[in-house]
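Working through the structure, step by step
Here is what each chain is made of, one letter per residue.
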Amino acid sequence: MSGRTRLTLAAWAATLMGSGALLPLVRPATWIFTAAFVLALVSGVGAVARRVPLARPLTVLAQLAVALLVLTSVFAGEQAVLRFLPGPQAVTHAVELFRAGVTDVGHYAAPAPDTEGIRLLLVGGVVAIGLLVDALAVTFRKAAPAGLPLLALYSVAAGLSGGGAGWLWFLLAASGYLLLLLAESRDRLAAWGRVFGGAHRSGRPGSAVASGGTASSPARTGRRIGVVAMGVALVVPLALPGFSGGLFGEKGGAGDPGGKGGTISAVNPLVSLQNNLRQPEDREVLRYRTNATDISGRYLRLVALDQFDGTSWKSSVRPIEDVPERLPSPEGLDPSVETAEVTGNFVAADAYEQKWLPMPYPATRVGIDGRWRYEPAGRMLVGDDKQTTRGARYQVTSLDVRPTSERLATAPPAPERIRREYTRVPPTLPQDVKTTALDVTKGAANDYERAVRLQDWFARDGGFRYDVQVESGTGVQAISRFLKDKEGFCVHFSFSMAAMARSLGIPARVAVGFTPGTPQTDGSVSVGIRDAHAWPELYFEGVGWTRFEPTPSRGSTPSYTRPDTPSGSATGPAQPQQSASAQPSAAPSASESCTPQMRRQGDCGPDAAVAGASSDGSGPEPSTVLLVGLAVLVVLALPLGPLFWRTRVRARRLAPAGDRSPAGTAARTLAVWREIIDTAWDHGVEPDESRTPRNTADRIVRLGALDEESARAVHRVAGAVEEVLYAPRPGAATGLVEEAARVRAGFHATADRRTRLRALLAPRSARRLRWSAEARRVSLARTWSLRWRTATDRVAGVFRRSPRETG
């Protein structure tokens, strides 16, 4: 294989390895095969054009033309002329596909469905990067700058995945780039002539003696430098202050090294909320059990957004601290307001990773393992040092606050500090926002009535329609557009009501989290990704931060905002008994009829867990058992591979004679001799193929310390081999199989236990298997290299004019 061909293949492979980071973004990832095929055609055209040879710019133009024709055939074949020539209809269709792909990228969260538009973006992008890499590395012989488009390809994948492109994809992309550099360095080194390295063991495939191979020392040095460079890139950032996440780390929670104090600057969680609501499949993110008799108002809160700067709502930068054993009393909640403690046990899904902990508001006690910190103003827990909710199990005790409408209506003004911070609106807030708020709340006697009128106007009376397909928008103008168009989803409703409440002087903020979820038949509650939600919280002195629900057809309207709310306290089952029985154990609501789902969550207690071992019809599927069994057999068989191979080879060499011709007899004699040599090798006597059979027999007897009978057997077989090799008419040798058995018994008798076990389980002669595979690989590579050169020469000959024709 020529150096230019090797460099072409390396550029093709490096591009595909760099595009591996895009695979988790789309499901299924079959687009990579289309990209690999198109890129292979483009690389092949470049190889032929360079063989002609064409000028470098013409080579790139030829590749670009072929890429355009192939992409047209793949994505716009029905609209193209002759199914591959781009005409007006094909161009129009391609533009529409491109726009649809851009829309789909913004519409879906990863992993997105494999739509035609997304396929066009992915395949076209990878082919464009591959063409650029091929032009730089192969056509213009500048492999180092080719790393820039490869880096751009990986960076795009990391950006679309939210920084979640795993370290495996980075290693794959980096390995592709190193492969490209090594291929170019080898090609440049070959231009200086052969570099002679150290001597190789003769007889091994690929050695300098046996095959006249090229020097491998520079290649080994390049690989070592690359491995060291990658190791430094991975390890050094871990030791530097401020870069504790390394190349692949997320942004950890801020805080001082000792874990005391610190601040947190939370990113806006609403970036993915709309994508969650648009998901085609409602995946479970959380499951919990609670002793609350009514969960309709038990929203699971992640974070509070309290800062509206005119372009977006976001969480303020606030100090964080260690999680106290019992959380402080909620701000503004008067002890005279009726409350009840509710406890729940939560299990987060392994696929759900979030830095905020979902829990009811207001929580009073949280039991969870891990690196979690407490933010007092928002009463939320946030993960520190890459801590996430993935697979988390925790228990939350919270208050079920039950204010009455009379208590909210007669609430005194909020403290000046609360009013100053939570009624702030940007100066650029459009006038129609406050005007609309005043019109809706006209005639209201207090802040509570104003808040209820705003909620009812959005949810029922204002003619608004719930639609997750509406873009969320940003800035103060987005609220005006929403008030005019009257369609949107929870982000629009919560943002607008909070902004309008602030314009009326009511302290307000936006909470983000999940609606309570869906009760299951086993008594648990399942929370899905489509339960993601945002709602406004308004502050009333004596009650604290109070939830409102302006979004139509989502969540539940709080009872204290409904006109038929009773003025007395809750009765009967709505108020859990304050007794030991009201406090759930590690698994609340567990019963004797524990279901398999409850056992998998560990919510049945130790007795039920033991009982779960009995047959309940929920055991593993037979196919699963079969696959696991096969996997175990494969794992057990791998270490025994050399033993199986050696046993098979011995049986083949010592099999009964089938061909009794002179040629068959000679082959059988040599096979028995090879078996004796390998038996000696298995017991520590390495072969030396430079010796004659007689000298080899003497060496085996001496180094193996064989007894007299085994020594005679070795010499008899050696004599038969010499006769086969040198006698004009060798005689028929008999009893060779028995002689080989005596030699093997002799080695077994003189060797210690460790040597015998090594010869049985890990025979040294199994190295021949690796040598054989290497020889086949070298032979196959030479064959295909010769075929490739012949094919490219034939194609190039079509375009090359003879001297007579040019004259």
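Predicted model only: the values in this text are computed from it and were never measured.

1. Digging into the overall build of the protein chain
Looking only at helices and strands, the protein chain has 27 helices and 22 strands in total. With 807 residues in all, the protein chain has 42% of them scored as buried. Put simply, of all contacts in the protein chain between residues at least 6 apart along the chain, 71% involve residues at least 24 apart. Summed over all atoms, the accessible surface of the protein chain reaches about 42,100 Å², with 58% contributed by carbon and sulfur.

2. As for the sheet that holds strand 22 (residues 544-547)
Spatial strand order, 11-5-18-21-22: five strands in an open sheet with antiparallel pairing. With partners counted over all chains shown, the strands left at the sheet margins are strand 11 (359-360) and strand 22, one partner each. Pairing of strand 18 (residues 508-514) with strand 21 (residues 532-540) involves seven bridges; the strand directions are antiparallel. Residue pairing across strands places Ala-508 opposite Leu-538, the latter belonging to strand 21.

3. Some details on the side chain of Arg-402
For Arg-402, the position within the fold is in the loop between strand 15 (393-401) and helix 11 (405-409). The exposure class assigned to Arg-402 is buried, which follows from its relative accessible area of 14%. Within the local environment of Arg-402, its side chain forms a polar contact with the side chain of Asp-400, the two groups lying 3.2 Å apart.

4. Details of the confidence of the model for the protein chain
Chain-level statistics for the protein chain give a pLDDT mean of 78 and a share of 75% at 70 or above. Here residues 236-268 is modelled with pLDDT under 50, and outside its nearest four sequence neighbours on either side it reaches 59 contacts, counting other chains as well. In the model, residues 565-619 has pLDDT below 50 throughout and makes 63 contacts with residues more than four positions away in sequence or in other chains.

5. What to know about the nonpolar core
Looking at soluble globular proteins, one finds that nonpolar side chains tend to be buried together. Counting residues in hydrophobic clusters, the biggest one holds 76 residues, and the most contacted among them are Phe-458, Leu-483 and Leu-538. Of all the elements, helix 16 (residues 490-503) adds the most residues to this core, at nine residues.

6. Some words on the environment of Leu-654
Relative to the helices and strands, Leu-654 is located in the loop between helix 20 (641-653) and helix 21 (662-682). Contact partners of Leu-654, with chain neighbours within four places excluded, come to Arg-668, Val-672, Glu-675, Val-737 and Ala-740.

7. Remarks on the sheet that holds strand 20 (residues 525-528)
Pairing in this open sheet of six strands is antiparallel, and the strands run 12-15-10-4-20-19 from one edge to the other. Each edge of the sheet is formed by a strand with only one pairing partner; in this case those strands are strand 12 (363-368) and strand 19 (518-519). As paired elements, strand 4 (residues 284-290) and strand 20 share four bridges and run antiparallel to each other. Bridge pairing links Tyr-288 to Val-525 in strand 20.

8. Points about the pattern of salt bridges
In the structure shown here, the tally under the stated rule is 36 salt bridges. Close ionic contact of Arg-373 with Asp-384 constitutes a salt bridge, the shortest N to O distance being 3.0 Å. You can see Arg-373 sitting in strand 13 (residues 372-375) and its partner Asp-384 sitting in the loop between strand 14 (380-383) and strand 15, a full 11 residues away along the chain. Here Arg-373 and Asp-384 have matching classes, each one buried. Of the charged contacts in the structure, one is a salt bridge between Arg-650 and Glu-675, with a shortest N-O distance of 3.2 Å. In this pair, Arg-650 is assigned in helix 20 and Glu-675 in helix 21, connecting sequence segments 25 residues apart. Residues joined by salt bridges that share partners form a network here, namely Arg-646, Arg-650, Arg-653, Glu-675, Asp-678, Asp-682 and Arg-768.

9. Focus: a nonpolar patch on the surface
A cluster of nonpolar side chains, contributed by Leu-640, Phe-644, Leu-757, Leu-760 and Leu-761, occupies part of the molecular surface with about 430 Å² of accessible area. Looking at the nonpolar patch element by element, the count peaks at three residues for helix 25 (residues 753-761). Inspection of the secondary structure assignment puts Phe-644 in helix 20. Judged by its relative accessible area of 48%, Phe-644 is partly exposed.

10. Comments concerning unusual backbone geometry
Omega for the bond connecting Tyr-361 with Pro-362 falls within 30 degrees of zero, at -5°, which places this linkage in the cis form. Here Pro-362 shows up in the loop between strand 11 and strand 12. Of note, the phi angle at Leu-82 is positive, near 55°, even though the residue is not glycine. Note on placement: Leu-82 falls in the loop between helix 3 (56-76) and helix 4 (88-107). You can call Leu-82 exposed: its relative accessible area is 64%. Look at Arg-379: it is not a glycine, yet its phi comes out positive at around 50°. Looking at the secondary structure, you find Arg-379 in the loop between strand 13 and strand 14.

Conventions we followed
- Residues numbered from 1 in each chain as written.
- Predicted model: local features only at pLDDT ≥ 70, side-chain atom pairs only at ≥ 80, totals over all residues.
- Heavy atoms only, no water.
- Helix = DSSP H or I, 4+ residues; strand = E, 2+ residues; numbered from the N terminus.
- Buried < 20%, exposed > 50% of the residue type's maximum accessible area, 1.4 Å probe, protein only.
- Contact = heavy atoms within 4.5 Å.
- Areas by Shrake-Rupley, 256 points an atom, 1.4 Å probe, with all protein chains shown as cover.
- Pairing = 2+ DSSP bridges.
- Polar contact = N/O pair within 3.5 Å; in protein donor to acceptor, adjacent residues only side chain to side chain.
- pLDDT = per-residue confidence, 0-100.
- Core = buried A, V, L, I, M, F, W, Y, C linked by side-chain atoms within 4.5 Å.
- Salt bridge = Lys/Arg side-chain N within 4 Å of Asp/Glu carboxyl O.
- Patch = residues over 30% accessible without salt bridge, like charges linked within 9 Å, V, L, I, M, F, W, Y side chains within 5 Å.

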